[in-house]
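What follows is the residue order along each chain.
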Amino acid sequence: MAVPASVVTPPLVDQLDIVIPTIRNLDFLEQWRPFFQPYHLIIVQDGDPTKTIRVPEGFDYELYNRNDINRILGPKSSCISFKDSACRCFGFLVSKKKYIFTIDDDCFVAKDPSGQEINALAQHIHNLLSPSTPFFFNTLYDPYREGADFVRGYPFSLREGATTAISHGLWLNIPDYDAPTQLVKPRERNTRYVDAVLTIPKGTLFPMCGMNLGFHRELIGPAMYFGLMGDGQPIGRYDDMWAGWCTKVICDHLGLGVKTGLPYIWHSKASNPFVNLKKEYKGIYWQEDIIPFFQSVVLPKECTTPQKCYIELSKLVKQKLGPIDPYFEKLGDAMVTWIDAWDELNPSPDAAPAVKIESAPKPK
Ligand SMILES: O=c1ccn([C@@H]2O[C@H](COP(=O)(O)OP(=O)(O)O[C@H]3O[C@@H](CO)[C@H](O)[C@H]3O)[C@@H](O)[C@H]2O)c(=O)[nH]1
Ligand SMILES: [Mn+2]
């Protein structure tokens, strides 16, 4: 007998948090209510902490503003950006769940070509719970998808695939273009719905956008730091790019998979290209050196956890990118602070307690 929809437990409902960075209101949640309501939200309020962000009724959430970040992290709060969507990584830090889905507050429910509303969260969960194929490219796309498989010539020894660590979704309407592209193509809209999920091959970097992103927090969360951006920093809007480059080289090293493609969201708001250009221009120039750096990264085999990989990467960032600009020295140090904060808030089960637990008073 079919189980009524009302009693079907949504997938990973107790193992996944939804992280939303915001400087606006959260009315967009009304459209996502059918898909998001069963899940716990972590809202990271950026900008003025005295501003009240209204959360629609009926959602289970925790909300953190800058005062909370400073209170919880103390001096380590210096690694969390202010006045940039990079602040979202604080939500990754304080979550206690196995998976994260992060979405921007100007991203709405999109429709597939049949007119069906897309449950982006469900698709990310499917992507994360099914293997990736980073070691050998399957030309029929996702072989684990209903109605597809591995094609002739695909080694059987590789068909088990790799555990998926990241699921990178895309956007209809406003594409995530950089400022120069936005300036020359102000009216371009993405209307192309490509019904595919691809594994990004091992050894290949990609420009990770943070607006519609799922990841396995336990496997790669420590590397999902969105860097030093926004207020007081020489660069902005490279938060997700930085996290994507760091996580991809670490996923490659640890044998984890990264997927891109479905699901689509409807991205509604084009940010100001002139403001974006001011934030991005150093990144556009620096990335011509940053990319070759990440392409050259080789992590030692002793780096068996994302934390160890990340600390090793921070040393290389300072050593190899520091000569470009003192910013990278600061960023390398902030990467270490991030890991310290991660380990403080997420002590591993076999680690010594983060704080000394006073021995219980002896019975009289
Ligand atoms: O100072 C800020 C600015 C924004 N936010 C929140 O972050 C997301 C994204 O903001 P927005 O939609 O205005 O910017 P986009 O240009 O569309 O974002 C793309 O560029 C990346 C920026 O690095 C971002 O991840 C991409 O999606 C919204 O939720 C804002 O409310 C903020 O917290 N602080
Ligand atoms: Mn946006």
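Up top you'll find the structure we're talking about.
Residues numbered from 1 in each chain as written. Chains lettered and ligands numbered in written order. Predicted model: local features only at pLDDT ≥ 70, side-chain atom pairs only at ≥ 80, totals over all residues. Heavy atoms only, no water.

Engineer: Help me understand the overall build of the protein, please; the structure alone is not making it clear to me.
Structural biologist: Helices and strands together make up the secondary structure of the protein, namely 10 helices and 9 strands. Taking 2.2 N^0.38 as the reference for a compact globule, 364 residues should give roughly 21 Å; the C-alpha atoms of the protein span a radius of gyration of 21 Å, in line with that estimate. For the protein, the residues scored as buried account for 50% of the 364 residues in total. Within the protein, contacts between residues at least 6 apart in sequence are counted, and of these 74% link residues at least 24 apart. Surface summary for the protein: the accessible area is close to 17,500 Å², and the carbon and sulfur share equals 56%. Both charge centroids of the protein, one from 38 positive and one from 42 negative side chains, sit 2 Å from each other. (Helix = DSSP H or I, 4+ residues; strand = E, 2+ residues; numbered from the N terminus. Rg over C-alpha atoms; globule rule 2.2 N^0.38 Å. Buried < 20%, exposed > 50% of the residue type's maximum accessible area, 1.4 Å probe, protein only. Contact = heavy atoms within 4.5 Å. Areas by Shrake-Rupley, 256 points an atom, 1.4 Å probe, with all protein chains shown as cover. Lys, Arg positive; Asp, Glu negative; His and termini not counted. Charge placed at Lys NZ, Arg CZ, Asp CG, Glu CD.)

Engineer: Where do I start with the site of ligand 1 in this structure?
Structural biologist: Neighbouring ligand 1 are 20 residues, the closest being Arg24, Asp104, Arg237, Asp239 and Ser271. Between an oxygen atom of ligand 1 and a side-chain N or O atom of Ser271, the distance comes to 2.6 Å. Only strand E1 (16-22) and helix H7 (239-254) provide two or more residues apiece to the shell around ligand 1. Taken together, the residues of the shell around ligand 1 sort by class into 4 nonpolar, 4 polar and 12 charged. (Near = heavy atom within 4 Å. Polar contact = N/O pair within 3.5 Å; in protein donor to acceptor, adjacent residues only side chain to side chain. Nonpolar A, V, L, I, M, F, W, Y, C, P; charged D, E, K, R; others polar.)

Engineer: What's the story with the coordination of the manganese ion (ligand 2) in this structure? I'm lost.
Structural biologist: Note on metal geometry: ideal angles are 109.5 degrees for four donors arranged tetrahedrally and 90 or 180 degrees for six donors arranged octahedrally. For the manganese ion (ligand 2), the full set of protein donor atoms is Asp106 (OD) and His267 (NE2), and the range of their distances to it is 2.0 to 2.2 Å. Of the two residues, Asp106 is situated in the loop between strand E4 (99-103) and strand E5 (107-109) and His267 in strand E9 (residues 257-267); the sequence distance between them amounts to 161 residues. Accessibility classification places Asp106 together with His267 in one group, the buried group. (Donors = N, O, S within 2.8 Å, 3.2 Å for Na, K, Ca; no water.)

Engineer: What's the story with the environment of Leu331 in this structure? I'm lost.
Structural biologist: By the secondary structure assignment, Leu331 is in helix H10 (residues 326-345). The class for Leu331 is buried, based on a relative accessible area of 1%. In the structure, Leu331 is positioned 275 residues away from Pro56 in sequence and 36 Å away in space, judged by C-alpha atoms. For Leu331, the contacting residues outside a window of four places in its chain are Tyr225, Gly227, Leu228 and Trp242.

Engineer: Explain unusual backbone geometry here, please?
Structural biologist: Leaving glycine aside, a negative phi is the common case for residues, and trans is the common case for peptide bonds. For the peptide bond that leads from Leu262 to Pro263, omega is 10°, which places it in the cis range. Here Pro263 is to be found in strand E9. The phi torsion at Lys83 lies on the positive side, around 65°, for a residue other than glycine. Assignment of secondary structure puts Lys83 in the loop between helix H2 (66-73) and helix H3 (89-94). Phi at Arg237 is positive, roughly 60°, even though this residue is not glycine. One can find Arg237 in the loop between helix H6 (217-220) and H7.

Engineer: Would you take a moment to explain the packing of aromatic side chains for this structure?
Structural biologist: Working definition: an aromatic ring pair is given by the centre-to-centre distance plus the angle between the planes. Taken as a whole and judged by the stated rule, the model has 21 aromatic pairs. Here Tyr64 and Phe90 contribute two aromatic rings whose centre-to-centre distance is 5.3 Å and whose plane-to-plane angle is 75°, an arrangement assigned as edge-to-face. You can see Tyr64 sitting in strand E3 (residues 60-64) and its partner Phe90 sitting in helix H3, a full 26 residues away along the chain. Comparing Tyr64 with Phe90 shows no difference in burial state: the two are buried. Feature note: the residues Tyr238, Trp242, Trp245, Trp286, Phe293, Phe294, Tyr327 and Phe328 constitute an aromatic cluster, connected by ring pairs. (Phe/Tyr/Trp six-rings, centres within 6.5 Å; stacked < 30°, edge-to-face > 60°.)

Engineer: Help me understand the pattern of salt bridges in this model?
Structural biologist: Here the idea is simple: oppositely charged side chains can pair when their charged atoms come close. Inspection of the entire model under this criterion finds 14 salt bridges. Glu312 serves as the salt-bridge partner of Lys315, at 3.8 Å between the closest nitrogen and oxygen. Here Lys315 and its partner Glu312 are both found in helix H9 (residues 306-321), 3 residues apart, which amounts to about one turn of the helix. Lys315 gets classed as partly exposed once you look at its relative accessible area, which sits at 48%. (Salt bridge = Lys/Arg side-chain N within 4 Å of Asp/Glu carboxyl O.)

Engineer: Teacher, can you tell me more about the side chain of Ser314 here?
Structural biologist: Its place among the elements puts Ser314 in helix H9. At a separation of 2.5 Å, a polar atom in the side chain of Ser314 contacts the main-chain carbonyl oxygen of Ile311.

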